[in-house]
Structures are given as structure tokens and as C-alpha cells.
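Observations on chain architecture
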Amino acid sequence: MKDMSEMVDRGRKNLSIKSMAFNRFLIFRYVTAGFFFTNMYWMFLLFGRTGLYWLLPAALLLVDIAVAVEQTGKYWRPNHKLTLTMTGYWIQLASNMSLVMVMLFGFNRTFWPFTNDQSQSVILIILLVGMGLCLLLEWRARLISQDQDKYFKLLQDFKVSLQ
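Rules used throughout
Residues numbered from 1 in each chain as written. Predicted model: local features only at pLDDT ≥ 70, side-chain atom pairs only at ≥ 80, totals over all residues. Heavy atoms only, no water. Helix = DSSP H or I, 4+ residues; strand = E, 2+ residues; numbered from the N terminus. Buried < 20%, exposed > 50% of the residue type's maximum accessible area, 1.4 Å probe, protein only. Lys, Arg positive; Asp, Glu negative; His and termini not counted. Salt bridge = Lys/Arg side-chain N within 4 Å of Asp/Glu carboxyl O. Contact = heavy atoms within 4.5 Å. UniProt positions renumbered as here; feature names shortened; annotations may be inferred. Core = buried A, V, L, I, M, F, W, Y, C linked by side-chain atoms within 4.5 Å. 1 Å grid on protein atoms, 1.4 Å probe; cavity = no way out; pocket = protein on both sides within 12 Å on 5 of 7 lines; lining within 4 Å. Points joined across faces, edges and corners; volume = space filled by probe spheres on them. Nonpolar A, V, L, I, M, F, W, Y, C, P; charged D, E, K, R; others polar. Axes fitted to C-alpha atoms, helices over the stretch in contact; angles between N-to-C directions. Parallel < 35°, antiparallel > 145°, perpendicular 65-115°, else oblique. Left-handed = near helix turned anticlockwise from the far one by under 90°.

So, the side chain of Glu 138
With respect to the helices, strands and loops of the structure, Glu 138 is situated in helix H6 (residues 120–145). Lacking a salt bridge, the buried Glu 138 has Arg 142 as its closest oppositely charged neighbour, with an N-O distance of 8.3 Å. Residue contacts for Glu 138: discarding those within four places in its chain leaves Thr 85, Met 86, Tyr 89 and Trp 90.

Considering the pattern of salt bridges
According to the stated counting rule, one finds three salt bridges in the structure shown. For Asp 147, the salt bridge is made with Arg 24, and the minimal N-O distance between the two is 2.8 Å. Taken together, the residues Asp 147 in the loop between H6 and helix H7 (150–162) and Arg 24 in the loop between helix H1 (2–23) and helix H2 (26–46) connect sequence positions 123 residues apart. Taking relative accessible area as the criterion, Arg 24 reaches 7% and is therefore assigned buried. Close ionic contact of Lys 153 with Asp 157 constitutes a salt bridge, the shortest N to O distance being 3.2 Å. Pair noted here: Lys 153 and Asp 157 are both in helix H7, with a separation of four residues, about one helical turn. The exposure class assigned to Lys 153 is exposed, which follows from its relative accessible area of 52%. If you follow the salt bridges from partner to partner, you end up with Arg 24, Asp 147 and Asp 149 in one network.

Some remarks on the UniProt feature "transmembrane region" (unreviewed entry) in the protein
Mapped onto this numbering, the UniProt entry annotates "transmembrane region" (unreviewed entry) at residues 21–45, 51–69, 89–107 and 119–137. Annotated as residues 51–69, this span is 79% helix and 0% strand, and its ends, taken at the C-alpha atoms, are 30 Å apart.

Here we look at the nonpolar core
Of all hydrophobic cores here, the largest spans 24 residues; its most connected members are Phe 28, Trp 42, Tyr 89, Trp 112 and Leu 127. Mapped onto this core, the elements with two or more residues apiece are H2, helix H3 (55–73), helix H4 (83–104) and H6. At seven residues, H6 tops the list of elements feeding residues into this core.

Digging into the layout of surface pockets
Gaps between atoms show up when a probe of the same size as a water molecule is rolled over them. The computed volume of the largest pocket comes to approximately 410 Å³. Mapped by element, the contributors of at least two residues to the lining of the largest pocket are H2, H4 and H6. The element that contributes the greatest number of residues to the lining of the largest pocket is H2, accounting for nine residues. Among the residues making up the lining of the largest pocket, the classes are represented as 16 nonpolar, six polar and no charged.

Description of the packing of H2 against H4
Between H2 and H4, the least distance of the axes is 12 Å, while the angle of their chain directions is 45 degrees. On the basis of the axis angle, H2 is oblique to H4. Between H2 and H4 lies a crossing of left-handed hand. Two secondary-structure elements touch here, H2 through Phe 28, Val 31, Thr 32, Phe 35, Asn 39 and Trp 42 and H4 through Thr 85, Tyr 89, Gln 92 and Leu 99. Grouping the constituent residues of the contact of H2 with H4 by class yields six nonpolar, four polar and no charged.

Dropping the structure here:
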């Protein structure tokens, strides 16, 4: 009976460690979901426009899916490698920067035909917030890839406390 309770206890500890390691990447999952739904909504709105302008948000959706797959895999294979995640956020950042330039040069209707002059400032704010999030997540990903993030230390301390 004692062996069974030790096995259950060991299983709980392992599950706790696995969950804590997975939560190290929580911000990436939330922001990726935000980008995914924003790009999807934008793509659907562009379907009504002639031309292939919907390909940009569609490509960003594929990037978001790749990032989500990598992040989901962190549950079963916890490590600090974030290759797809970092690449995906650089792509999103470059896209947002390009779209800000498109707006500044007056080609707003090309990518946002459904807006008026008043809503252009909202789109600009969304793009700038997205750029800020990309930069923040690139910084966080760099810290994680070098095991310098605060969650890594908490995870190490938690492992020690379980022994």
C-alpha cells in the first residue's frame, strides 16, 4: 500500500512540474491566440475585395498556427527552444511595420477597404500595440532560451522543494 501512495505522490509531483514548466510559456499562447483571431478576422474581411490581399493575413495565420503547434508541444517536450515562436513574432513584427508604412504613405484602402478615415487611427493603434507585443515576446523568448527568466528559477526552486 505504501508503494502505491508513493507512486501517486510521485505522479502528482511530476504533473506539477510539467504544468509549471508549461506555464512558463503562457504569455506566448495568449498573444498568439490574439494574433490568430485578429489575422483571421482581417482575412475574412478581405475576402470580399478583389485581388489577393487576403494572402497576407492568411500567411500570418499559418505563422500563428506554427507558433501554436510549437507552444502546445512544450507540454510533452518541455525545453527552452523557441525557434518557431521567435521566427513567428519577427514575421508578425515585420508585417506590422510594413503595414504602418502602408498607412503612412496613404494606401489604407488597399488592406483595409472596409474602414473610413476615423477608424484608421484605431488600426494604427492596433498595429503599434502588436509591434510592442512582438518586441516584448522576443525579449521574453530570448530570456527563456537562455534560462534567464524568472519562471525558470521558480521551477528549479520548486523541483528542489519536492525532494
